[in-house]
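Coordinate analysis (summary)
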Amino acid sequence: MTTYDEWTAAHDSATVTVDDHEVEMAYRDEGSGEPVVFLHGIPTNSYLFRNQFDAVASEHRAIAPDMIGYGNSAMHDGFDRSIRAQEMAIRGLVDELGLDTIDFVGHDLGGGVGLRYAARSPDAIDRLVLSNSVAYDSWPIQTITDLGLPETARETSVEELQGMLDALFRDTLLGDDHDEAFLEGMKTPWASEEGVTSVVRNASATNTSHTTEVDPSDVTADTLLLWGTEDEFQPIEWAERLEGDIDSCELVGLEANHWVPEDRSAAFTEHLTDFLS
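Not measured: the values here are computed from a predicted model.

1. Some remarks on the overall build of the protein
A tally of regular secondary structure across the protein gives 13 helices and 8 strands. For the protein, the C-alpha radius of gyration of 17 Å lies close to 19 Å, the compact-globule estimate for 277 residues. Summarising its shape, the C-alpha atoms of the protein cover approximately 45 × 40 × 40 Å along the three principal directions. By the burial criterion, 59% of the 277 residues in the protein qualify as buried. Carbon together with sulfur atoms contributes 41% to the accessible area of the protein, which is approximately 10,800 Å² in total. Considering the protein, the positive charge centre built from 15 side chains and the negative charge centre built from 56 side chains are found 4 Å apart.

2. Here's the deal with the sheet that holds strand β5 (residues 102-107)
Reading across from one edge, β1-β2-β4-β3-β5-β6-β7-β8 is the order of the 8 strands in this open sheet, with mixed pairing throughout. Two strands in the sheet have a free side with no partner beyond their single neighbour: β1 (12-18) and β8 (249-254). On average, each strand axis in the sheet is tilted by 20° relative to the strand beside it, whichever way the strands run. Note that β5 and strand β6 (residues 125-131) share 5 bridges and pair parallel. Residue pairing for β6: His 107 is matched across the bridge by Ser 131. Contacts from helix α2 (residues 50-57) reach β2 (21-31), β3 (35-39) and β4 (61-65), with the element oriented near 60° to β2. Across the sheet, helix α11 (residues 236-245) is in contact with β6, β7 (222-228) and β8; its angle to β8 comes to roughly 165°.

3. Details of the environment of Ala 89
On the secondary structure map, Ala 89 appears in helix α3 (residues 83-96). For Ala 89, a relative accessible area of 0% translates into the label buried. A C-alpha to C-alpha distance of 7.4 Å links Ala 89 and Ile 68, two positions 21 residues apart in sequence. Setting aside residues no more than four positions away along its own chain, Ala 89 makes contact with Val 16, Val 18, Met 25 and Ile 68.

Analysis parameters
Residues numbered from 1 in each chain as written. Predicted model: local features only at pLDDT ≥ 70, side-chain atom pairs only at ≥ 80, totals over all residues. Heavy atoms only, no water. Helix = DSSP H or I, 4+ residues; strand = E, 2+ residues; numbered from the N terminus. Rg over C-alpha atoms; globule rule 2.2 N^0.38 Å. Buried < 20%, exposed > 50% of the residue type's maximum accessible area, 1.4 Å probe, protein only. Areas by Shrake-Rupley, 256 points an atom, 1.4 Å probe, with all protein chains shown as cover. Lys, Arg positive; Asp, Glu negative; His and termini not counted. Charge placed at Lys NZ, Arg CZ, Asp CG, Glu CD. Pairing = 2+ DSSP bridges. Axes fitted to C-alpha atoms, helices over the stretch in contact; angles between N-to-C directions. Contact = heavy atoms within 4.5 Å.

So, in structure tokens, the structure goes:
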């Protein structure tokens, strides 16, 4: 099993432009063939897809960035971290890597980015996979709204935030036998004062207007919804609405909570690789 340190040691970095700000974006890039971009949500990072990444990279070019403000990417103040900004950053990375049409796999906020990208540039995404994605006005959840209060950055210690995140994942992952390497990988990027401030800035940038302003019926990509049926954050009713609004769309429910790529790793990978083949 790849550790978080091994995962980040394989990162490359590119400079992307967001609202005239140059921002460093870390990413993994392996394999060859049709490019598949993976994008995580909050408060995770690209390590979320560690199990799916290798499987996809065996047949495709797999690219897994850390969103700006997350993981190994830039965390300093001075740039927007909203879904709108993350879409700009991903477009910048796609341009930097010289890619044309891509396949896109997004979870949580990353799914919201993919939804915007596919609706606004229908010819740019061939196949779209959304997993427990934000959409419409389904978000932000109260936990993220509370995390995004400015005083949280000033009043929360590194140790307190680490405890909060540990409890969040342990309480919402399926079952009780959790992969400790996964938990460490989700918490480690935030284990500094800069990390505390950055995750609060990320949470405060969650803007519902950035999904309500796009129309999912504009998506022409073949779409697969891999959805955890037990999700308390993004219930499956939102997936059912997406399935009704996107022309070429299939919904697959998996017995999982919100963190589907981790909770149901083997099933997620199997459905994903079959869809991309």
